[in-house]
Each structure stands twice: as structure tokens, then as C-alpha cells.
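Coordinates in review
Letter by letter, the chains look like this.
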Amino acid sequence: DVKAEGGVEVLGLPSLQLSIRDSSDPAEIGRQMTYTLRIRNGGTLVANGVDIIADIPRQMKILRAVGPSGKATIDGNRVTFPSLD
């Protein structure tokens, strides 16, 4: 008869949830609007090195983008926010 034992440490998981909210609906041609992205970690572990990249439809023009870790990079219709722990 062979017997073996082992231990397991359960650390948990990060669980990121994304919500997007617009300042007005429907969007009107020629008018400015704001989109707010919120990322929430509902998990039991910290989420490190979170990158947020948003692609905007070509019918829209990005004027500026800011996040909790500073100003975002705008490249055409793509917004890249600095990594966040």
C-alpha cells in the first residue's frame, strides 16, 4: 500500500469587471461626448500590470484621454492607458 500527502495553498484570483458609460445617448453629429471606463477588481487577489486599450469607431475623433495613472496615448483611433497595478 502506497500513501502520499500534499498541501495546497489557495491564493484566490483577480476578477476584473469593466463598465462603460457615455455622457449622452444617442451621440449627436458634431457634438462632444465623454466615455467613462471603470475597471473594478471584484476578486480576492490584486491584479498587477493591467493594460487598458480602447479602439474607437472611425466615425469618432478622440480629443483627449486621461486615467488614474496619467495621460493616455492616442494613436489614430486607439487609446492606450498606462499600466496600472
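Each remark here, short or long, concerns the structure printed above.
Presented here is an overview of the structure given in this document. Nothing here was measured: the structure is a model prediction, and the numbers come from that model.

Here we take up the overall build of the chain. Each helix and strand in the chain was counted, giving zero helices and seven strands. Taken over C-alpha atoms, the radius of gyration comes to 20 Å for the chain, far larger than the 12 Å a tight globule of 85 residues would show. The principal-axis extents of the C-alpha atoms in the chain amount to approximately 80 × 25 × 20 Å. Within the chain, buried positions represent 9% of all 85 residues. Once local pairs closer than 6 in sequence are excluded, the contacts in the chain between residues at least 24 apart make up 40%. Summed over all atoms, the accessible surface of the chain reaches about 7600 Å², with 50% contributed by carbon and sulfur. Of the charged side chains in the chain, 10 are positive and 10 negative; the average position of the first set lies 13 Å away from that of the second.

Below, the discussion takes up a nonpolar patch on the surface. Taken together, the side chains of Leu-16, Leu-18, Ile-20, Tyr-35, Leu-37 and Ile-39 present a nonpolar region at the surface, about 550 Å² in accessible area. Assignment of secondary structure puts Ile-39 in strand E2 (residues 35-41). On the basis of relative accessibility, which here comes to 37%, the residue Ile-39 falls in the partly exposed class.

A separate point is the sheet that holds strand E7 (residues 78-84). Pairing in this open sheet of three strands is antiparallel, and the strands run E3-E7-E6 from one edge to the other. For this open sheet the edge positions go to strand E3 (50-55) and strand E6 (73-75), each flanked by a neighbour on one side alone. Each adjacent strand pair in this sheet contributes to an overall mean axis angle of 20°, direction not counted. Where E6 and E7 come together, three bridges link them in antiparallel fashion.

This part is about the nonpolar core. Formed by Ile-62, Ala-65, Ala-72, Val-79 and Phe-81, the largest nonpolar core amounts to five residues. Beyond its immediate chain neighbours, meaning those up to four positions away, Ala-65 contacts Lys-71, Ala-72, Ile-74, Val-79 and Phe-81.

Here is what the cut-offs are and how they apply
- Residues numbered from 1 in each chain as written.
- Predicted model: local features only at pLDDT ≥ 70, side-chain atom pairs only at ≥ 80, totals over all residues.
- Heavy atoms only, no water.
- Helix = DSSP H or I, 4+ residues; strand = E, 2+ residues; numbered from the N terminus.
- Rg over C-alpha atoms; globule rule 2.2 N^0.38 Å.
- Buried < 20%, exposed > 50% of the residue type's maximum accessible area, 1.4 Å probe, protein only.
- Contact = heavy atoms within 4.5 Å.
- Areas by Shrake-Rupley, 256 points an atom, 1.4 Å probe, with all protein chains shown as cover.
- Lys, Arg positive; Asp, Glu negative; His and termini not counted.
- Charge placed at Lys NZ, Arg CZ, Asp CG, Glu CD.
- Patch = residues over 30% accessible without salt bridge, like charges linked within 9 Å, V, L, I, M, F, W, Y side chains within 5 Å.
- Salt bridge = Lys/Arg side-chain N within 4 Å of Asp/Glu carboxyl O.
- Pairing = 2+ DSSP bridges.
- Axes fitted to C-alpha atoms, helices over the stretch in contact; angles between N-to-C directions.
- Core = buried A, V, L, I, M, F, W, Y, C linked by side-chain atoms within 4.5 Å.

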